[in-house]
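Next come the chains, spelled out residue by residue.
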Amino acid sequence: MRFRVLGPTQVLLADGREIAVGGPRLRALLALLLLDAGRVVSAERLIDGLYGEHPPRGAANALQSLVSRLRQALPAEHSTVEFHPAGYRLAVDPADVDAYRFERLAEAGRRALAGGDWPRAAAVLREALELWRGPALADVIDVAGVPAQAARLDELRLAAVEDRIEAELALGGHADLVPELRHLVVAHPLRERSRGQLMRALSAQGRPAEALAEFEDARRALAEQLGVDPSAALAAIHLAVLRGDDGSAVLRGDDGSAVRPTTEPALPSQLTTFVGREEELKRVRALLGERRLVTLTGPGGAGKTRLAIEAAGRVDGDVHFVELAGLADGSDVPQAVLSALGLRDAGLRASAEPGRQSTDRLVEALAERRLLLVLDNCEHVIADVARLAARLLGACPALRVLATSREPLGLAGEALCPLSGLSLPPPDASMEDADDYAAVSLFVQRAADVAPDFTVTAANVDVVLRICRTLDGLPLAIELAAARLRALPVAEVAARLDDRFRLLSMGSRAASPRHRTLRAVVEWSWDLLDDAERRLARRLTVFAGGATLEAAGRVSGLPAAEFVDALSGLADKSFVELTGGRYRMLETVRAFCAERLAEAGEADQLRRAHTAYFLEFAWTASDHLRRAEQLHWLRRLDAERDNLHAALRRATAAGDAPDAAGLVAALSFYWWLRGMRGEAARLAANVLDLLGAEAPPGLSEEFALCVYNTSLAGAGHLPSLGTQRSVIRSLDRPPRQPFLLYLSGISTGPPSGGAEHVEELMRELRRLVGPDVWINALGAMGSGSALMWSGEWDRARSALTTALDGFRSTGDRWGCMITLGALGELAALQGDPETAGAHMDEAMGLVEALGSAVDQADMLRTRGEIRLRAGDLAAARDDFAGALLLAQRSGAPEFVASARLGLAQVARLRGDLVEARRLCEEALVGGLTGWYVGEATRSEIILVLDEITEQEKAEAASRPGALPSADGA
C-alpha cells in the first residue's frame, strides 16, 4: 500500500485503487499514525490528537474501538496496525508515505544544488514537488498537533520550490520563472529568498527597473510589518542590479556544463561515522539559514564539536574551523581566528601599525567575504569570544558564526541549540526496537570497532540499555564504555559503571587531553565554575530525579541572591538542565559533584536538609490528596517520587526513626492511590526493622502505618496491633494520616458484631476527631458496606449516599469511587442492573481520572462480579481478565487472587471444571495470609474449590457405567 498526507489523507493499493478509510476521526487516527510511520505512538498522544483537551469518559476504550475499525478498513493481508504496551504502531515502510518520500527527495535535491549539479537538482526537486496534491493533511487539519506538522511540511515545500527555482535560474530559465516568482512574492511578501530570485530573473531579462522596484517593495514591507531592513543577501542582489550584473553568469566546465565555484572547507576530517543527532542537525542547518550567530550548548561529551563539523560540512560556501580549546588566554582569540583563515596581522608589504589590533585586520579581511566561521570550545574564553563575535558580525554583513560552548555567548540575536544525551529507548524497548535509538546505535557501532562480532541480542539487550541510560546517552561516555569491550564482556562493563570515572579512563590518544577520559571532561567544566557555583553544584547532588527551584533553594542553604546567580551560572554552563520546571544534573556530572560534596564534609548536613524538606512536602501533599486539588498534588508527588523515596531510604539507613516513620505515614495514601503496594511494603518493612517490635514513644500512628503497609504484600508474621477498635482507641489525638482508618480496616477487618459495632466504633471516632468531613464520610462508607452485607439494604443505601455526599463535598475522587462501587454492588444485589451500571460507569470514570491501576483492577473486578451475577459470562470474563493484568502489574495480591477467582467462576459456570480448579489453585498462591482482606479472599477461594469438588463428583456419578457410591449401595 501507499499512503498520502500531502493533501487529503488517502490509502492506495499497488494498482492505484483507493481504499475508503472512513469518517473524519478514523482518517485523523490514520494521519497521526502516518506522521510517525514505523514508530510507536503513545495512546495518550493519540487520545490528545483525536479528542483535544477534553477527551470523553472511556477515551482509552474509544481509541481501541477506532483502532479496530481502522484495521478492518485496511486490507487484512497487510495487518499494518500493531498494538504495543506503550501505544500503537503503523508497521509500514516510511518510503510508502508521500511525506517521508518528499522530505528525502527534497534533501537529495538540496545536496545536488549545493554541489553544483543543477540539472539533477531541478529534476529531483520537481519529482518531490509532484507528490503534493494540496495543503498538507488538508482533511484532518483540526486535529490537535496536526497544524504544527502541516506547517512544517508546508515550509519544507516552499523551501523545495525555492531550491528548484535556484537550480532553474542557474540553467538559464529566467523568462519561464518570472510568473511563478511573482505569485510566490504575492503569497509570501516577507520571504526574501523568493524576492531575490525574482529580482535576479528580471535583471537577467534586461528588466532592471522592475527588479529595483521589487527591492523597494520588499524594503517597504519589511519596514512596515517587522520594522527591519532587508537582509545583507537581498541588499547584495540590489547592489548587483545597480551595477548592471544580471546575476545570470555561471562558470562553465570543459564540456560546457555549468559548475559551481567552491572553496574547500577547512574542517577537521573525521575517522568515524556520524550517528544520531539528525533532528539537531536539521535544526542547526535551518538556524544557519536564518540567523547569523548560532551556538551549540551542552555538557562536556555531548558531541557539540562533531555536530558543528557535520553541520558546517553541509553548508554551501566558504567555511573555516577555529579550535580554541588550547588557548590559555582570551586575548589570543583574534590571532587564532587569523591563523585559521591563513591571514597575517598585516599585509604582505606593510608592517603592523602601532596600536593596530588583530581584530581590525579580521574586520578588513572579512568585510566583503561570505563565510561561515566555526568557533569551537569557547567556554574558557567566553567573554573574549563574545566581544570578537559581536565586532565581526556588526562589521561583516555576509559573515555567519557557528560556536560550540558549554554556555551561551550572550549576544543579541544569538540562536541556541542545546544538546544533551542521545535518544534513549523506553524501559520496555525490545531488541528489535533498541537499535532505532541513537545512543544504542552509537554503542553498537563503536563496540563493533573493537569487538567485530558484537551485536545486540535478546541475551544482552537489557545490559546495553542499562549502560546507555546510566551514561545519560552522552556520546563521549558511550564511546569510552564501548572501547572497554576490547577486554571486558558487556555485562562486566555495565557492572563497573558505579565507578564510572575509573572504568572510562582510556580514550583516544589522538583526542585533546580533556576529551581522553570521562573525568577529564567533567573536570574541565568544574574548573570553569566560580566558588558559589561549585558550592551549589555539589549540594544539588543530594537530589534524586531533579529539583524544583524552591526545593533547590531551600535545601542548598545558600543566600537567595547567591543561589539565583549560582543556579543561573550552572544552567548557562550546562552543569544543570532545566526541563519541565525542574533542574536536573546528568548522572555523570552528578557522580563527579557528589565526590566533591563528600570531600567538603557536607554530605550528612545536606542529607538532613533534604529529608526535612521532603518530609514537610509529603505531609502538605497528603492533606491536599483528600481535597478537590487531589489530581494536581498527585502529579506533584509523582514528580518528586525519586526524592521522597531517596529521603526515606537515607533516613532509614542513618537510623533516623522519626523522619523515616514520618515519611511512611505521610506517603501511605499516595502509595495506595498510585497502586505502589510492592515498593511501599519494602520501604515500610525496612523502617519497621528500625523501629523494632513495639511503637517507640510518640510514634504509635507511624508504627501502625508501617505495619499495615508491610502487611499488604503478605509479608508473613508482623507485630500485632489488635483490632481496628484497639488501634483507634490507642490514639490520643486525631490521626495526622486519616487514611490509617481505611488501612486498619482492610488489614485487621471491621469490628466483630456487624453494622451496629461499626456504627459504635464511628461514634467513638467522631468524639476523637470532631467534625472532620472526610473521616465521617469514610465512616459512613464503612457502615454502609457492613449494613449491605448484613442484608439491611435500605439503611445501607442511606449510609452510602451520605458517604458519597461527604466525599463529593471534599472533592476526593477516590472516596467517591469506592463508594460508587459499593452502591453498584448494592443495586446489583437488589436486582437493579441499570442503576448498578450507572454507578459503575461513574466509578470507572473517576478511576481513569486518578490513573490508579490498583483501583481500576478493583472496579473491574467489582463490575465483573455484577455481570457474573447477571449471567453475562463473556463480559464478566473480560472484566476479570483486565483486573488480573492490572493487579499483577501493581503488585496487589488480593486483587490478583480475586480476579483469578472470578475467572474460575466463569469457567465453572461454563462447565470447564479443569480450568476452574486450575485458576482457583493459582489464586491461593502468595500474599493472602497475615491480613484481613487477604484471608477473606482465601476463604472465598476455598469455598469455590469445595463447590467445584462437589460438581466434579456429581458429573462423575452421572456418567454411564459409573460405580454406585457407598451411600447408594
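Residues numbered from 1 in each chain as written. Predicted model: local features only at pLDDT ≥ 70, side-chain atom pairs only at ≥ 80, totals over all residues. Heavy atoms only, no water.

Overall, antiparallel pairing links the three strands, which are arranged β4-β6-β5 in an open sheet. Whereas interior strands pair on both sides, the edge strands pair on one side only; in this sheet they are β4 (40-42) and β5 (81-84). Taking each pair of neighbouring strands and ignoring which way they run, the sheet shows an average axis angle of 30°. In this structure, β5 lies alongside strand β6 (residues 87-90), joined through four bridges in antiparallel fashion. Residue pairing for β6: Glu82 is matched across the bridge by Arg89. Helix α2 (residues 43-51) contacts β4 and β6 of the sheet and is inclined by roughly 65° relative to β4. On top of the sheet, helix α3 (residues 59-73) reaches β5 and β6; it is set at about 150° to β5, its chief contact. (Pairing = 2+ DSSP bridges. Helix = DSSP H or I, 4+ residues; strand = E, 2+ residues; numbered from the N terminus. Axes fitted to C-alpha atoms, helices over the stretch in contact; angles between N-to-C directions. Contact = heavy atoms within 4.5 Å.)

Once that is clear, we can look at the environment of Gly934. Structurally, Gly934 can be placed in helix α44 (residues 932-958). A C-alpha to C-alpha distance of 9.5 Å links Gly934 and Ser898, two positions 36 residues apart in sequence.

The first and last C-alpha atoms of helix α39 (residues 833-850) sit 25 Å apart over 18 residues, in line with the 26 Å expected at 1.5 Å per residue. The set of residues buried in α39 consists of Ala836, His839, Met840, Ala843, Met844, Gly845, Leu846, Val847 and Leu850. Phi turns positive one or two residues past the end of α39, at Gly851, with a value near 65°. (Expected span 1.5 Å × (residues − 1). Buried < 20%, exposed > 50% of the residue type's maximum accessible area, 1.4 Å probe, protein only.)

The final tally for this structure, using the stated rule, is 53 salt bridges. Glu210 serves as the salt-bridge partner of Arg207, at 2.8 Å between the closest nitrogen and oxygen. Its relative accessible area of 27% is what places Arg207 among the partly exposed residues. Note that Asp638 is salt-bridged to Arg641, the shortest N-O span being 3.1 Å. (Salt bridge = Lys/Arg side-chain N within 4 Å of Asp/Glu carboxyl O.)

Take the packing of helix α30 (residues 657-673) against helix α32 (residues 700-711) next. Look at α30 against α32: their axes get within 8 Å of each other, and the N-to-C directions meet at 50°. Overall, the two elements α30 and α32 adopt an arrangement that is oblique. Here the hand of the crossing between α30 and α32 comes out left-handed. Touching Ala661, Gly662, Val664, Ala665, Ser668 and Trp671 of α30 are Glu702, Leu705, Cys706 and Asn709, all from α32. Taken together, the residues of the contact of α30 with α32 break down into six nonpolar, three polar and one charged. (Parallel < 35°, antiparallel > 145°, perpendicular 65-115°, else oblique. Left-handed = near helix turned anticlockwise from the far one by under 90°. Nonpolar A, V, L, I, M, F, W, Y, C, P; charged D, E, K, R; others polar.)

For Asn377, which is not glycine, the phi dihedral falls at a positive 65°. Examined against the element boundaries, Asn377 turns out to sit in the loop between β11 (371-376) and α15 (382-395).

A separate point is the sheet that holds strand β13 (residues 415-418). If you trace the five strands from one edge of the open sheet to the other, you get β10-β11-β12-β9-β13, paired in parallel fashion. Unpaired on one side and paired on the other, β10 (318-323) and β13 mark the two borders of the sheet. Neighbouring strand axes in the sheet, compared pairwise and without regard to direction, differ in orientation by 15° on average. With six bridges connecting them, β10 and β11 associate as parallel partners.

Ranked by internal contacts, the top residues of the largest apolar core, which has 195 residues, are Phe443 and Trp814. It is α30 that provides the largest number of residues to this core, a total of 13 residues. In contact with Trp814, not counting residues within four places along its chain, are Gln630, Phe669, Trp672, Leu673, Phe739, Tyr742, Trp774, Leu850 and Asp855. Counting 71 residues, the second largest nonpolar core, distinct from the first, contains Leu6, Leu66, Ala108 and Ala160. (Core = buried A, V, L, I, M, F, W, Y, C linked by side-chain atoms within 4.5 Å.)

All chains considered together, the criterion is met by 16 aromatic pairs. A ring pair is formed by Tyr613 and Phe614, whose centres lie 4.9 Å apart and whose planes are at 85°; its orientation type is edge-to-face. With relative accessibility at 7%, the residue Tyr613 sits in the buried group. Residue classification places Phe614 among the buried residues on the basis of a relative accessible area of 0%. When the centroid spacing of 6.0 Å and the interplanar angle of 40° are considered together, the rings of Phe617 and Trp633 count as tilted. (Phe/Tyr/Trp six-rings, centres within 6.5 Å; stacked < 30°, edge-to-face > 60°.)

Let us look at the pairing of β6. Regular strands place side chains that alternate from one sheet face to the opposite one. As defined by bridge partners, β4 adjoins β6 across three bridges and the pair is classed as antiparallel. Among the inter-strand pairings, Val41 is bridged to a residue of β6, identified as Tyr88.

Contact geometry of helix α6 (residues 146-170) with helix α8 (residues 192-204) gives a least axis separation of 10 Å together with a crossing angle of 20°. As the angle between them shows, α6 and α8 are arranged roughly parallel. The element α6 and its partner α8 pack so that their crossing is left-handed. On α8, the residues touching Ala159, Glu162, Asp163, Ile165, Glu166 and Leu169 of α6 are Arg193, Ser194, Gln197, Arg200 and Ala201. Taken together, the residues that form the contact of α6 with α8 break down as four nonpolar, two polar and five charged.

The subject of this paragraph is the environment of Ala236. Following the sequence through the fold, Ala236 ends up in helix α10 (residues 232-242). Take Ala236: its relative accessible area is 43%, and that puts it in the partly exposed class. Along the sequence, Ala236 and Gly196 sit 40 residues apart, while their C-alpha atoms lie 9.4 Å from each other.

Attention now goes to the side chain of Arg908. On the secondary structure map, Arg908 appears in helix α42 (residues 893-909). Within the structure, the side chain of Arg908 is placed 2.9 Å from the side chain of Gln905, a separation counted as a polar contact. Polar side-chain contacts of Arg908 include one of 3.4 Å to the side chain of Gln951. Those residues in contact with Arg908 that lie beyond four places of it in its chain are Leu913, Ala916, Glu947, Ile948 and Gln951. (Polar contact = N/O pair within 3.5 Å; in protein donor to acceptor, adjacent residues only side chain to side chain.)

Our focus in this paragraph is the confidence of the model for the protein. Interpretation of the predicted coordinates at a detailed level should be avoided for regions scoring low in pLDDT. Summarising the model, the protein shows a mean pLDDT of 80, and 86% of its residues fall at 70 or more. Ranking the elements of the protein by mean pLDDT puts strand β7 (residues 251-252) last, at 32, and helix α27 (residues 603-624) first, at 95. Overall, residues 247-265 carries pLDDT values under 50, and its contacts beyond four positions in sequence, including any with other chains, amount to 27 contacts. Every residue in residues 965-969 is under pLDDT 50, and counting partners more than four places away or in other chains gives zero contacts. (pLDDT = per-residue confidence, 0-100.)

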